[in-house]
Amino acid sequence: MSDLWKTDTIPFVGNDDPRQGLGFHYYQPDRVVAGKKMSEWLRFGVAYWHSFQQRLVDPFGEGTAQRPYDSLTDPLELALAKVDYSFEFYQKLGVEYFCFHDRDIAPEGDTLRETNQNLDKVVDRIEKRQQETGIKLLWNTCNLFTNPRFQAGAATSPFADVFAYSGAQLKHSLEIAKRLGAENYVFWGGREGYENLWNTDLKREQDHMASFFHAAVDYAKEIGLDSQFLIEPKPKEPTTHQYDFDAATSIAFLKTYGLDDSFKLNLEGNHANLAGHSYQHEVRVARSAGMLGSLDANQGDKLLGWDLDEFPSDLYETTAVMWEVLSEGSIGPRGGLNFDAKPRRSSYTEEDLFAAHIVGMDSYAAGLLVAAKLKEDGFIDEILQKRYSSFDQGIGKKIEDGQFTLADLEEYSLDKTQSELMNANEPGELETIKATLNNYLVKALADA
Ligand code: XLS
Ligand code: NI
Ligand code: NI
């Protein structure tokens, strides 16, 4: 592979040659697809934690990553070097957004006061680099799970001092969101859940979590922070049961506690699978509730059952997600595709980090192209329109309009024969649909 990335940006090379070098085969930021630029539909973001902070560790071994700042030993100097490197990386890759946890970017001190001082020094550098490059913050968040103080949770910790500390940490994190112009602010409930109900007061913990979110909403109002608040559902890991289990559970939680006007959802592919759902399902559920906020773009491995955070490469899945996004009109009011993903442990070079993002970006760009063709031809929309058309008139219309009683339905149905009701069904034709989807995938990409 060439060393071009060391000096230049990653080029678009087209798809004539299927062999993958360091170039984009499908992603062209300025190409207009379905009425918007690719870069506007996709709004790619780099996850600071995976790409610059963590070292490609797994539960069985230390990190393997090789980065140019590895030799630095002074924690603050190292933190600043990572910021500089990260902005070079975004520019060379051609992404416009990044995301971070507070603890990804700066070392902790002994007290929160010291930690905040460290944080502010690094935020100064980030702000400067943002101004120089025009690169924007898709979202930031609080890491309320790594430090051992959060062993039993943060906002749901059974220990009041830990709750108090968490709120104090959140306050500064929201101030940073305001300062850096975060489009969104994410809450992922790291250890907000339980290991076992025998030592857990579930109701009390959920009440605490809701009051934590209400306090965040209040403080955002107070400081004039207008980032879209997002909850990121995940069913398990690190706890056996996370309270933000999936989109449906999170929506119910937000509605129960009167928070649904202030939050939307940030949905992650691998989390969807851990919850026993497809990624498309999670996006559809959020859309149905008007709560699609943003996407953490990654994928799992069907042979392994934990949160692997692989870079997306499954075109069938990216097509499905982008079909939902096209149907919605955008990823969310201020959403984007954050690569909450890391190269495999044996892909430890800087070049691998580029290659990993390229496959993710190209996979979503390809998914967008296929989904746009599906939309343009009305293929899926027509299937849906036809399948539910019996609700457009007659008894179906009355049902949808709420103009019916059970007695009306009895009168309508009492003398219907078995064969009349069988004939009311139409074949679902899923096999034909799947074959046609494959044809669209192959054709749209060949034509790309
Ligand atoms: C972990 C989550 C996490 C959030 C941000 O599984 O995906 O990375 O996106 O805290
Ligand atoms: Ni995750
Ligand atoms: Ni995530």
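Scroll up for the structure.
Residues numbered from 1 in each chain as written. Chains lettered and ligands numbered in written order. Predicted model: local features only at pLDDT ≥ 70, side-chain atom pairs only at ≥ 80, totals over all residues. Heavy atoms only, no water.

### Some words on the coordination of the nickel ion (ligand 3)
Of the protein atoms, only Glu-232 (OE), Glu-268 (OE), Asp-296 (OD) and Asp-340 (OD) coordinate the nickel ion (ligand 3), at distances of 1.9 to 2.1 Å. Around the nickel ion (ligand 3), the 6 donor atoms sit at angles spanning 79 to 175°, and that spread fits a shape best called octahedral. The sequence motif formed by the donor residues of the nickel ion (ligand 3) is E-x35-E-x27-D-x43-D. A separation of 3.8 Å is found between the nickel ion (ligand 3) and the nickel ion (ligand 2), which are bridged by Glu-268. (Donors = N, O, S within 2.8 Å, 3.2 Å for Na, K, Ca; no water. Tetrahedral: all angles 85-135°; square planar, octahedral: opposite > 155°, others 65-115°.)

### Things to note about the environment of Pro-158
Secondary-structure assignment places Pro-158 in the loop between strand E5 (136–141) and helix H6 (160–180). For the pair Pro-158 and Ala-424, spaced 266 residues apart in sequence, the C-alpha to C-alpha distance is 55 Å. Those residues in contact with Pro-158, other than ones at most four positions away along the chain, are Ala-152 and Glu-205. (Helix = DSSP H or I, 4+ residues; strand = E, 2+ residues; numbered from the N terminus. Contact = heavy atoms within 4.5 Å.)

### Describing helix H3 (residues 75–93)
With 19 residues, H3 should cover 27 Å at 1.5 Å per step; its first-to-last C-alpha distance of 27 Å lies within 8% of that length. Of all the positions in H3, only Leu-76, Ala-79, Leu-80, Lys-82, Val-83, Tyr-85, Ser-86, Phe-87, Phe-89, Tyr-90, Lys-92 and Leu-93 are classed as buried. (Expected span 1.5 Å × (residues − 1). Buried < 20%, exposed > 50% of the residue type's maximum accessible area, 1.4 Å probe, protein only.)

### Things to note about the pairing of strand E10 (residues 263–268)
For E10, the buried fraction is high: 6 of the 6 residues fall into the buried class. Of the pairings in the sheet, the one linking strand E8 (residues 228–231) to E10 comprises 3 bridges and is parallel in character. If you follow Ile-231 over to E10, its bridge partner there is Leu-265. As paired strands, E10 and strand E11 (residues 292–296) are joined by 4 bridges and run parallel to one another. Each bridged residue has a counterpart across the sheet, and for Glu-268 the counterpart in E11 is Asp-296. (Pairing = 2+ DSSP bridges.)

### Brief notes about the pairing of E8
Going residue by residue along E8, you find Gln-228 and Leu-230 tucked away on one face and Phe-229 and Ile-231 tucked away on the opposite face as well. The pairing of strand E6 (residues 184–187) with E8 spans 4 bridges and is classified as parallel. Opposite Asn-184, over in E8, you have Gln-228 as the bridge partner.

### Focus on the site of ligand 1
Neighbouring ligand 1 are Trp-49, His-101, Trp-139, Trp-188, Glu-232, Lys-234, Glu-268, His-271, Asp-296, Asp-307 and Asp-340. Within the side chain of Asp-296, a nitrogen or oxygen atom sits 2.9 Å from an oxygen atom of ligand 1. Taking Asp-340, its side chain carries an N or O atom lying 2.7 Å from an oxygen atom of ligand 1. Summarising the interface, the protein chains cover 94% of the accessible area of ligand 1, which totals 290 Å² for the free molecule. Split by residue class, the shell around ligand 1 holds 3 nonpolar, 2 polar and 6 charged. (Near = heavy atom within 4 Å. Polar contact = N/O pair within 3.5 Å; in protein donor to acceptor, adjacent residues only side chain to side chain. Areas by Shrake-Rupley, 256 points an atom, 1.4 Å probe, with all protein chains shown as cover. Nonpolar A, V, L, I, M, F, W, Y, C, P; charged D, E, K, R; others polar.)

### Overview of the pattern of salt bridges
This structure, assessed with the given rule, holds 29 salt bridges. Put simply, Arg-103 and Glu-108 hold a salt bridge, and the shortest N to O gap is 3.8 Å. Put simply, Glu-324 and Arg-284 hold a salt bridge, and the shortest N to O gap is 2.8 Å. Here the residue Glu-324 occupies a position in helix H11 (residues 315–328), and Arg-284 occupies one in helix H10 (residues 279–288), the gap between them amounting to 40 residues. For Glu-324, a relative accessible area of 0% gives the class buried. In the salt-bridge network here, residues are joined through shared partners; they are Asp-84, Arg-125, Lys-128, Arg-129 and Glu-132. (Salt bridge = Lys/Arg side-chain N within 4 Å of Asp/Glu carboxyl O.)

### What about the packing of aromatic side chains?
For the structure shown, the criterion picks out 30 aromatic pairs. For the ring pair Tyr-185 and Phe-229, a centre distance of 5.9 Å and an interplane angle of 55° mean the geometry is tilted. Here the residue Tyr-185 occupies a position in strand E6, and Phe-229 occupies one in strand E8, the gap between them amounting to 44 residues. With a relative accessible area of 5%, Phe-229 lands in the buried category. Here the aromatic cluster, defined as three or more aromatic residues joined through ring pairs, consists of Tyr-48, Phe-52, Tyr-69, Tyr-85, Phe-87, Phe-89, Tyr-90, Phe-98, Phe-100 and Phe-354. The lysine or arginine in question, Lys-36, covers the ring of Trp-41, its NZ or CZ lying 4.0 Å from the ring centre. (Phe/Tyr/Trp six-rings, centres within 6.5 Å; stacked < 30°, edge-to-face > 60°. Lys NZ or Arg CZ within 6 Å of the ring centre and 35° of its normal.)

### Quick word on the sheet that holds E8
Around the barrel, which closes on itself, the 8 strands sit in the order E3-E4-E5-E6-E8-E10-E11-E12 with parallel pairing between neighbours. Within this sheet the neighbouring strands show an average axis-to-axis angle of 30°, counted without direction. Those strands touched by helix H12 (residues 350–377) are strand E3 (44–47) and strand E12 (337–339), and its axis lies near 155° from that of E12. (Axes fitted to C-alpha atoms, helices over the stretch in contact; angles between N-to-C directions.)

### Section: the environment of Pro-11
As for its placement among the helices and strands, Pro-11 is situated in the segment before strand E1 (32–33). Note on Pro-11: relative accessible area 28%, which makes it partly exposed. Spatially, the C-alpha atoms of Pro-11 and Gly-23 are 5.1 Å apart, while their sequence positions differ by 12 residues.

### Focus: the packing of H3 against helix H5 (residues 112–133)
As a packed pair, H3 and H5 sit with axes 10 Å apart at the nearest point and diverge in direction by 20°. Accordingly, the angle class assigned to the pair H3 and H5 is roughly parallel. Seen along the crossing, H3 lies across H5 with a hand that is right-handed. In this structure, H3 uses Leu-76, Ala-79, Leu-80, Val-83, Asp-84, Phe-87 and Gln-91 to contact H5, whose residues at the interface are Asn-118, Lys-121, Val-122, Arg-125, Ile-126, Arg-129, Gln-130 and Thr-133. Of the residues belonging to the contact of H3 with H5, the class tally is 7 nonpolar, 4 polar and 4 charged. (Parallel < 35°, antiparallel > 145°, perpendicular 65-115°, else oblique. Left-handed = near helix turned anticlockwise from the far one by under 90°.)

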